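This is what each chain is made of:
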Amino acid sequence: MELEDGTRSLMPNQNLEKLARDLIDAQLSAAGWAVQSKSFIDFHDGEGQAIREYHTDTGPADYVLFVDGKPGGVIEAKKKTLGHNLTTVEEQTVEYSVSNLKWIQKSGVPLPFLYEATGIITRFTDQRDTKPRSREIFSFLRPETIREFLALEKSLRTRLQDLPLLDPTDLRDCQIGAITQLDVSLKAARPRALVQMATGSGKTFTAITAIYRLLKFSRAKRVLFLVDTRNLGEQAEQEFMAFTPSDDNRKFTELYSVQRLSSSHVPKDAQVCISTIQRMYSILQGKELDA
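A short tour of the structure in this document, coming up. Predicted model, so just to flag it, every value in this text is computed and none were measured.

A short note on a nonpolar patch on the surface
Turning to step 1, where the next piece is worked out: Nonpolar side chains collect at one region of the surface, where Leu19, Leu23 and Ile120 lie side by side and expose about 260 Å² of accessible area between them.
Turning to step 2, where the next piece is worked out: In this structure, Leu19 sits in helix 1 (residues 12-30).

Written as structure tokens, this is what we have:
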């Protein structure tokens, strides 16, 4: 829109779109991405690059994500007023993911990681999942995380299909039923599951058995074991230390790193983190709270 003095002003919709782009730029930078213009691309700038308005044969994609000079994902940016209806633009993101990218030799494989974002809401899809579908996430994946994911042939949800039949040795009937049904839920890609067991039925042992299966057969990276009191955290740690799986003579803690969190530091090599609700809240808030 041209003003009387000859200058130009953004229309209301353009203002909203620019605001969304500015917020997305800031979020990408906070997640470790070097945000760049399509006119000044430097694949040596940072761990990963988010290129704005990258040329494809179906038009410019809002952002294409590159790691090690190779494209890995695409972001479709929308104004925040579309946040409640963001899933309606997923087909557009998929279209960009299968498009030819300028200056890049076509591999014939769709870009695996898709985002729809408004700067307020971010939805993510891993196209390598058995049944891909978007889910709302807190932040963009970091470039090093994208690199790790690309190095794996399958996504976690696909690897969950590899869970073998449960070995019932030394398990009670109620434990066998709980773990077997949990496997069914995980393989169906249900994001939440509730295991309800009576007092004294071995709930912690059941949970540790399920965690062992996730780490060994699905190669889960890290599991959070959340408790509501410090005493329960100490008891859980002791049970992890005493647990010996039916298919290995070594203790759980000889096979996998188990850490009971006592500060805001989360060890990168910890495969099981035991934490109280208060401790986890403190970590997420970024401040220490009274014990």
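So, the pairing of strand 3 (residues 61-67)
Turning to step 1, where the next piece is worked out: Across the 7 residues of strand 3, 7 count as buried, placing the element largely inside the fold.
Turning to step 2, where the next piece is worked out: Where strand 2 (residues 48-54) and strand 3 come together, 6 bridges link them in antiparallel fashion. Each residue of the ladder has a partner; that of Gly48, found in strand 3, is Val67.
Turning to step 3, where the next piece is worked out: Counting the residues between successive antiparallel strands, the hairpin from strand 2 to strand 3 contains 6 residues, one of them, Gly59, with a positive phi of roughly 115°.
Turning to step 4, where the next piece is worked out: Bridge count between strand 3 and strand 4 (residues 70-77): 5 bridges; the pairing is antiparallel. Across the sheet, residue Leu65 finds its bridge partner in strand 4, namely Gly73.
Turning to step 5, where the next piece is worked out: The hairpin formed by strand 3 and strand 4 contains 2 residues between the paired strands, and Asp68 there has a positive phi angle of roughly 55°.

Here's the deal with unusual backbone geometry
Turning to step 1, where the next piece is worked out: With phi around 65°, Asp170 is a residue other than glycine that occupies positive phi space.
Turning to step 2, where the next piece is worked out: With respect to the element layout, Asp170 can be found in the loop between helix 4 (156-159) and helix 5 (173-187).

Overview of helix 2 (residues 90-97)
Turning to step 1, where the next piece is worked out: Looking at helix 2, one finds that the buried residues are Thr93, Tyr96 and Ser97. Across the axial projection of helix 2, the buried residues extend over an arc of 105°, all falling on one side.
Turning to step 2, where the next piece is worked out: Of the surrounding elements, those touching the buried residues of helix 2 are strand 3, strand 4 and strand 5 (113-117).

Notes on the sheet that holds strand 10 (residues 272-276)
Turning to step 1, where the next piece is worked out: Pairing is parallel in the open sheet, where 3 strands are placed in the order 8-10-9. Taken across any chain shown, the strands that pair with only one partner, and hence form the sheet edges, are strand 8 (223-227) and strand 9 (258-260). For this sheet the average axis-to-axis angle between neighbouring strands, irrespective of direction, equals 20°.
Turning to step 2, where the next piece is worked out: This element, helix 9 (residues 277-285), spans strand 8 and strand 10 of the sheet and lies at about 100° to strand 10.

Here's the deal with the pattern of salt bridges
Turning to step 1, where the next piece is worked out: This model, assessed by the stated rule, comprises 17 salt bridges.
Turning to step 2, where the next piece is worked out: Between Arg21 and Glu53 there is a salt bridge, and its shortest N-O distance comes to 2.9 Å. Of this pair, Arg21 sits in helix 1 while Glu53 sits in strand 2; the two residues are 32 residues apart in sequence, bridging distant segments of the chain.
Turning to step 3, where the next piece is worked out: Relative accessible area serves as the criterion here: at 24%, Arg21 is assigned to the partly exposed category.
Turning to step 4, where the next piece is worked out: Using a relative accessible area of 24% as the deciding quantity, one classes Glu53 as partly exposed.
Turning to step 5, where the next piece is worked out: One salt bridge connects Glu47 with Arg147, and the closest N-O pair in it is separated by 3.1 Å. Placement of Glu47 in the loop between strand 1 (33-36) and strand 2 and of Arg147 in helix 3 (residues 143-151) is noted, with a sequence separation of 100 residues between them.
Turning to step 6, where the next piece is worked out: The class for Arg147 is partly exposed, based on a relative accessible area of 29%.

Calculation criteria
Residues numbered from 1 in each chain as written. Predicted model: local features only at pLDDT ≥ 70, side-chain atom pairs only at ≥ 80, totals over all residues. Heavy atoms only, no water. Patch = residues over 30% accessible without salt bridge, like charges linked within 9 Å, V, L, I, M, F, W, Y side chains within 5 Å. Areas by Shrake-Rupley, 256 points an atom, 1.4 Å probe, with all protein chains shown as cover. Salt bridge = Lys/Arg side-chain N within 4 Å of Asp/Glu carboxyl O. Helix = DSSP H or I, 4+ residues; strand = E, 2+ residues; numbered from the N terminus. Buried < 20%, exposed > 50% of the residue type's maximum accessible area, 1.4 Å probe, protein only. Pairing = 2+ DSSP bridges. Arc of directions from axis to C-beta. Contact = heavy atoms within 4.5 Å. Axes fitted to C-alpha atoms, helices over the stretch in contact; angles between N-to-C directions.

Note that all results are geometric; they support no functional claim without further evidence.
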